[in-house]
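If you want the building blocks of each chain, they are given just below.
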Amino acid sequence: MTAVLYALLALAMVLTIVSLLVPLAERLRLPHTVLLAATGLGLGLVGDWMVARGPSTGVLGDAFEGLAGMEVGTDLLLPLFLPPLLFTAGLTIDVRRLIDEMSAVLLLAIVAVLVCIAGVAGVVHLATGYDILICLLVGVIVSTTDPAAVIGIFRDVGAPKRLSILAEGESLLNDAVAIAAFGFVMHLMIVRVSPDIGEAASTGAAAPVMHVLQDFLGGVVFGFTFARAAMLILSRLGESDVAIASVTVSLAYLSYVLADHYLGVSGVVSVVVAALTVAAYGPTHLHPRQWTALRQLWHQLDFWSNCLIFVLASMAAAQFLPHITWLYIWGLLAVVIGAMLARVLVVFGMLPLLEAGRLVEPVDQRYKAILVWGGLRGAVTIVLAMVVAGDTRLPDAVREFTAELAILFVLFTLLVNATTLGLVMRALGLNKLSRVEVALRDRVLALSRVNVQRHLRQVMREHNERVVGLDVDPDSAGDAEIEAPPADLPLELRERLSVGLLTLCTQEKELYLDLFEQQTLSRRMVALLTARADRLIDAVRDRGASGYREVVQSFTQPDLAFRLALWLHRRFGFGWPLTERLADRFEILMVSQDVLAELAAFNLNSVADLLGADAEERLGAIITDRQELVARALRALSLQYPGYAESIKDRQLERAAIRFEAAEYSRRLRESIISREVYADLRRKLNARRKGVSRRPPLDLGLELAAMIARVPLFGSLDAAAVREVGRRLRARLAMPGEKVVAVGGKSDAMYFIAAGEVAVHVGGMTVTLKEGDFFGEMGLLESRPRNADVVAAGYCHLLVLSRKDFNELLSRRPGMRAEIEAVAAKRVAETGAAQ
C-alpha cells in the first residue's frame, strides 16, 4: 500500500512540474519536449543523488522513491502508450487535406522510413562494427519523427498549409510503417538468438513481404470497420460528452488489442485508421461542442502520455549518461550522420521528383531545410527503445546498445536540433518580414492613425466633450482638419493583387466558419469548403493571381469522388453515391454564391483603401468572374433539378431559426422567466425539429427508365409490353456539363436518346442543338461507320443509351421505329450537305 501511495505522490509531482513547463516553453520559444527531456535528466540525477545519500524521509524523499519504482513492463508499454499517441495524431489531422496530398504522403512516409533504416544501419555498422541486424533495429527505432516543432515554425512564418499537412501526414504514416518494420526486425532478432522460438514462428515468416502486407491491409480493414461501428454508437449517445469520450477511448485501445492479439493484424495501423475514420466522420455525426470537447480530451491524454514517456526515459538516460563509453559516442555520431543524410536524400532528392510529377506543389528550399533540421524524434521512438530494453529474449548487450543509442539520439535531436531551430530559421531569413509585409505594416499603421483621428473627432462632435490631449474646440471639433491619408503602397500591382487575394481567401474561410458557428452549415460542408479556401491560399502564395484562377477553375471540374460515383453509376447502376455528390455540389454552389457576394462587399469596403483603387478594381473583376462561374454551374443544376435549390435554402433558414429559438429559450431561463422544467420541454421539441432538418433533402436523380422513356416521342406510341421490352435494352446515363459524349472518329457502339437536357452537335463546321426527345448517334449504327460529329453536353443531361446489338435486335422487330429513325437520319444528312 505504501508503494502505491509513493507512486501516486510521484505522479502528482511529475504532472505539476510538466504543467509548469508549458508557459516556460512558450516564453523560451522551445518545444515542450525539450524541457521535458531536461527535466527528466534533472530528476534522474537528483534521484540518484538522494539514493546515494541513503534512506530519506519527508514528502520529497517519498516522491523520489515512488518515482524510482515507476517502471512499466515491456509487455505493457506498447498497448498502454501507443494508442493515445497515435489516436490523437490521427484525430487532429485535416483528413480532407490529407487525402489531397495522400500520394505524396504515402511515398514520403514509406520511402523516408526505408531510407532512414538503411542509412542509419549502414553508417552505424561501419562506425561500430556491430552486426548489421542490430544496426537495422537501431535504424527502425529512430526512423519515427515528431513534426510538432516544424509545424509550429511553418505556422509562424505563414508557410503554405499543405506543408504542415505533408509533415503531419508523413509523420503519422511514418510511425505506422516504422512500427510494422520494428515488429518484423524484432522477429528476425529473436529467431537468430532463440532458435526454438524461431522454429515455432517460422511458418509465419515464411513469406515476410506477404506477411507484412497482410498485417497492414488487415489493420486498415479492421480499423475502418471498427471505427464505423463506433460512430453508430456515438451518434446515439445524445448530449453526454463523457459517454462519447469513453467510447472513443475504448475504440483506441480495443482496436489495438483486438487487431494485434486476437486477429493477428497490425494493431498500430488499426489505431491510425480508426482515428482517421473518426476524424473524417465524427464532425458530421457529433454536435460541434461535443467534437471540440472530444478533441480536447485526446489532447489531454496525449499530453499526459508524452510527459510520462519523456520523463521516465530521460530519468533512465540520466543513470547511464555518466558511464557512456566512446563506443556510444561514435554510435551516436553515426546515427546522427545516417539520419541526416537520409533526411537530406528524401527531402532534397525525393520531393523534387514529386514536384516534377505534379504530385505536390513546389516547395521553397528554405522550408526543405527546416524539414531536414527539424526532424526531431519523440515519444514513439522512446517507447520502442524501452520495449527493446525490457525484452529479456534479447542478449543484454544488444538491449543496452540499441535502447541507449536510440534514447541518446532522441536527446540529441531535442537538445541540439530543437534548440537551434530558431537560429536556422533566422539564418534562412524566415524570421524577417518581406518587403511586401513591411509595406503593408506601414500602410496599415498610417491608415489606422487617420481612422482613429476621424473617429475621435466624431466622438467629440456627438458628445460635445473636450478630449484630453487635443486642443480643439468641441463645437468645431468635427470640422477640424484631418490628417491626409497616406500615399499608396509602394508595391507593384502584381504584388498588391497577391496580397488582396490572400486577404480575400482568408476572409472567405472566416465566413465559412461563421456560417458553421451559426449552425447554418454542417461540419462536413465547412470542412470541405475551408479546405478549398486553404488550397486557394496555397495557390496564391505559390503562383499569385494565376494560381488562384487555376484552382478556381479546378473547382468547376468533377473531383475524384464525383468521378468515382459517376463510374459506379454507369458501370454498376449504383445511384446513391452520385446522388450525394450532386447534392453536395448543389449546397457548395449555393453557399459559395452567398459568400462571394459578401466578399465583393468586403473588397469594396475594406481592401480598396489598403491596396489602391486599381487593385480593388482588378480584385472585383476576379470575384465577378468567379461569381459567373458559380452562377452558371448552379443554373445548369437548377434547370435539371428544379426546386432542389429552394429545398436547401429552406433547410438553412430552418436551422438558423432553430438556433435563434434556442438562444431565446436560454435567455428566458437565465432571466428566470421560465422554469427549468419548461425549458427542458422546449428543448425536447426543438431537438425534434433539429433532428428533422439534420439530414439534407433527398435529391431525385430522375433516371427512372419508365419516366425517361415516356419523355422520348419516338417511344410514345409503344404499349406497356413494348415499353418493358425497350426498358430492358436501354441504360440510363447522366452526362456532365461539357462532357464529350461522342467524339469524331470514335467507334459507333451505341445511340443516345435525350430524356432531359441539351447537347451541342459539332459537325461539318456547324453546331446544332438537340433537346429533350431528340436522339443522336444513329448514323454510325445505320451505316456501320465511325462517328462523324462531336456531341457535347450543354448541361446536365439525362440520356438513354441503346447499344449496337440491342439497336439491331430492337429495330429488326419494329420496322416502324427503324423507318422513323432512318427518316430523321436522312433529313440530317441532307441539312448538313446543304449547309456545307
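The rules behind each value
Residues numbered from 1 in each chain as written. Predicted model: local features only at pLDDT ≥ 70, side-chain atom pairs only at ≥ 80, totals over all residues. Heavy atoms only, no water. Helix = DSSP H or I, 4+ residues; strand = E, 2+ residues; numbered from the N terminus. Buried < 20%, exposed > 50% of the residue type's maximum accessible area, 1.4 Å probe, protein only. Contact = heavy atoms within 4.5 Å. Areas by Shrake-Rupley, 256 points an atom, 1.4 Å probe, with all protein chains shown as cover. Pairing = 2+ DSSP bridges. Axes fitted to C-alpha atoms, helices over the stretch in contact; angles between N-to-C directions. Phe/Tyr/Trp six-rings, centres within 6.5 Å; stacked < 30°, edge-to-face > 60°. pLDDT = per-residue confidence, 0-100. Patch = residues over 30% accessible without salt bridge, like charges linked within 9 Å, V, L, I, M, F, W, Y side chains within 5 Å. Salt bridge = Lys/Arg side-chain N within 4 Å of Asp/Glu carboxyl O. Lys, Arg positive; Asp, Glu negative; His and termini not counted. Charge placed at Lys NZ, Arg CZ, Asp CG, Glu CD. Expected span 1.5 Å × (residues − 1). Arc of directions from axis to C-beta. Polar contact = N/O pair within 3.5 Å; in protein donor to acceptor, adjacent residues only side chain to side chain. Core = buried A, V, L, I, M, F, W, Y, C linked by side-chain atoms within 4.5 Å. Parallel < 35°, antiparallel > 145°, perpendicular 65-115°, else oblique. Left-handed = near helix turned anticlockwise from the far one by under 90°. Nonpolar A, V, L, I, M, F, W, Y, C, P; charged D, E, K, R; others polar.

## Examining the overall build of the protein
Counting secondary structure elements, the protein contains 31 helices and 8 strands. In the protein, which comprises 836 residues, the proportion classed as buried is 46%. Sequence-distant contacts, at least 24 apart, represent 79% of the contacts inside the protein between residues at least 6 apart. Counting every atom, the protein has about 40,100 Å² of accessible surface; 60% of that belongs to carbon and sulfur.

## A word on the sheet that holds strand 7 (residues 790–793)
The strand order across the open sheet built from 4 strands is 2-7-4-5, with neighbouring strands paired in antiparallel fashion. Each of the sheet's edge strands pairs with one partner strand only, and the pair in question is strand 2 (740–742) and strand 5 (766–770). The mean inter-strand angle of the sheet, taken between neighbouring strand axes irrespective of direction, is 30°. Direction of pairing for strand 4 (residues 759–763) relative to strand 5: antiparallel, over a ladder of 5 bridges. Looking across to strand 5, one finds that Val759 is bridged to Leu770.

## Regarding the packing of aromatic side chains
Two aromatic rings, taken as a pair, are described by how far apart their centres are and by the angle between their planes. Counted by the stated rule, this structure contains 7 aromatic pairs. Each ring, one from Tyr130 and one from Phe401, has its centre 3.8 Å from the other, and the planes form 5°; the classification is stacked. Here Tyr130 is found in the loop between helix 6 (102–128) and helix 7 (132–141), whereas its partner Phe401 is found in helix 18 (residues 396–427), with 271 residues between them in sequence. Classification of Phe401 as buried rests on a relative accessible area of 0%. For the pair Phe222 and Phe226, a centre-to-centre distance of 5.2 Å together with 15° between the ring planes defines the contact as stacked.

## Quick word on the confidence of the model for the protein
Considering every residue of the protein, the mean pLDDT works out to 81; 88% of them sit at 70 or more. Of all the helices and strands in the protein, helix 10 (residues 195–201) carries the lowest mean pLDDT, 50, while helix 7 carries the highest, 94. Contacts from residues 197–206, a stretch scored under 50 in pLDDT, to residues over four places away or in other chains number 6 contacts.

## Side note on a negative patch on the surface
The grouping of Glu510, Asp514, Glu517 and Glu598 at the surface amounts to a negative patch. Looking at the secondary structure, you find Glu598 in helix 23 (residues 576–611).

## Structural notes on helix 22 (residues 560–572)
Every α-helix winds through 3.6 residues per turn, so residues three or four apart in the chain are directed the same way. The terminal C-alpha atoms of helix 22, which comprises 13 residues, lie 18 Å apart, in line with the 18 Å expected from a rise of 1.5 Å per residue. Residues of helix 22 that are buried include every one of Phe562, Ala565, Leu566 and His569, and no others. With its buried residues spanning 100° around the axis, helix 22 presents them on a single face. Residues of helix 22 that are exposed and point over 90 degrees away from its buried face: Leu560 and Arg571. Check the buried side of helix 22 and you find it contacts helix 23 and strand 1 (730–735). Two residues or fewer past helix 22, Gly573 is found with a positive phi of approximately 80°.

## Digging into the environment of Arg814
With respect to the element layout, Arg814 can be found in the loop between helix 30 (804–813) and helix 31 (815–835). The residues contacting Arg814, other than those within four sequence positions of it, are Leu718, Ala722 and Glu725.

## Looking at the side chain of Arg399
Tracing the backbone through its elements, the reader meets Arg399 in helix 18. At a separation of 3.4 Å, a polar atom in the side chain of Arg399 contacts the main-chain carbonyl oxygen of Leu394. Those residues in contact with Arg399 that lie beyond four places of it in its chain are Val388, Ala389, Gly390, Asp391, Thr392 and Leu394.

## Quick notes on the nonpolar core
Core analysis: the biggest nonpolar cluster contains 135 residues, and Phe87 and Phe182 have the highest contact counts within it. Broken down by element, this core gets its largest block of residues, 14 residues, from helix 9 (residues 161–193). Contact partners of Phe87, with chain neighbours within four places excluded, come to Thr248, Leu251, Ala252, Val271, Ala274, Ala275, Val278 and Trp298.

## What about the pairing of strand 3 (residues 750–756)?
Along a regular strand, successive side chains alternate from one face of the sheet to the other. Within strand 3, 7 of the 7 residues are buried, leaving the element largely enclosed by the surrounding structure. Inspection of the sheet shows strand 3 paired to strand 8 (residues 797–803) by 6 bridges, in the antiparallel sense. Directly across from Tyr752, in strand 8, lies its bridge partner Val801. Here 2 bridges tie strand 3 to strand 6 (residues 775–776), and the two strands are oriented antiparallel to one another. Following the sheet pairing, Phe753 is matched in strand 6 by Phe775.

## Some remarks on the packing of helix 12 (residues 241–263) against helix 14 (residues 288–320)
Interaxial distance between helix 12 and helix 14 falls to 10 Å at its minimum, and their mutual angle equals 50°. Judged by the angle between their axes, helix 12 and helix 14 are oblique. Crossing of helix 12 against helix 14: the hand is right-handed. When helix 12 is examined against helix 14, the residues Asp241, Ile244, Ala245, Thr248, Val249 and Ala252 are found in contact with a partner set consisting of Arg289, Gln290, Ala293, Leu294, Leu297, Trp298 and Leu301. Residues of the contact of helix 12 with helix 14, tallied by class, amount to 9 nonpolar, 2 polar and 2 charged.

## Quick look at the sheet that holds strand 1
One key point about sheets: their strands pair by backbone hydrogen bonds, in either a parallel or an antiparallel sense. The strand order 1-8-3-6 describes an open sheet built from 4 strands, whose pairing is antiparallel. Each of the sheet's edge strands pairs with one partner strand only, and the pair in question is strand 1 and strand 6. Looking at chain direction, strand 1 and strand 8 are connected through 6 bridges and run antiparallel. If you follow Ala732 over to strand 8, its bridge partner there is Leu800. Packed on one face of the sheet, helix 28 (residues 720–729) meets strand 1 and strand 8 and runs near 60° to strand 1.

## A short note on the pattern of salt bridges
Taken as a whole and assessed by the stated rule, the structure comprises 26 salt bridges. With a closest N to O distance of 3.3 Å, Glu550 and Arg543 form a salt bridge. A relative accessible area of 29% places Arg543 in the partly exposed class. The salt bridge partner of Arg684 is Asp681, with a shortest N-O separation of 3.5 Å. Here Arg684 pairs with Asp681, and both are found in helix 26 (residues 676–694), just 3 residues apart, close to one helical turn. We classify Arg684 as exposed; its relative accessible area is 54%. Judged by its relative accessible area of 31%, Asp681 is partly exposed. Within the structure, one salt-bridge network assembled from shared partners comprises Glu664, Arg667, Arg668 and Glu671.

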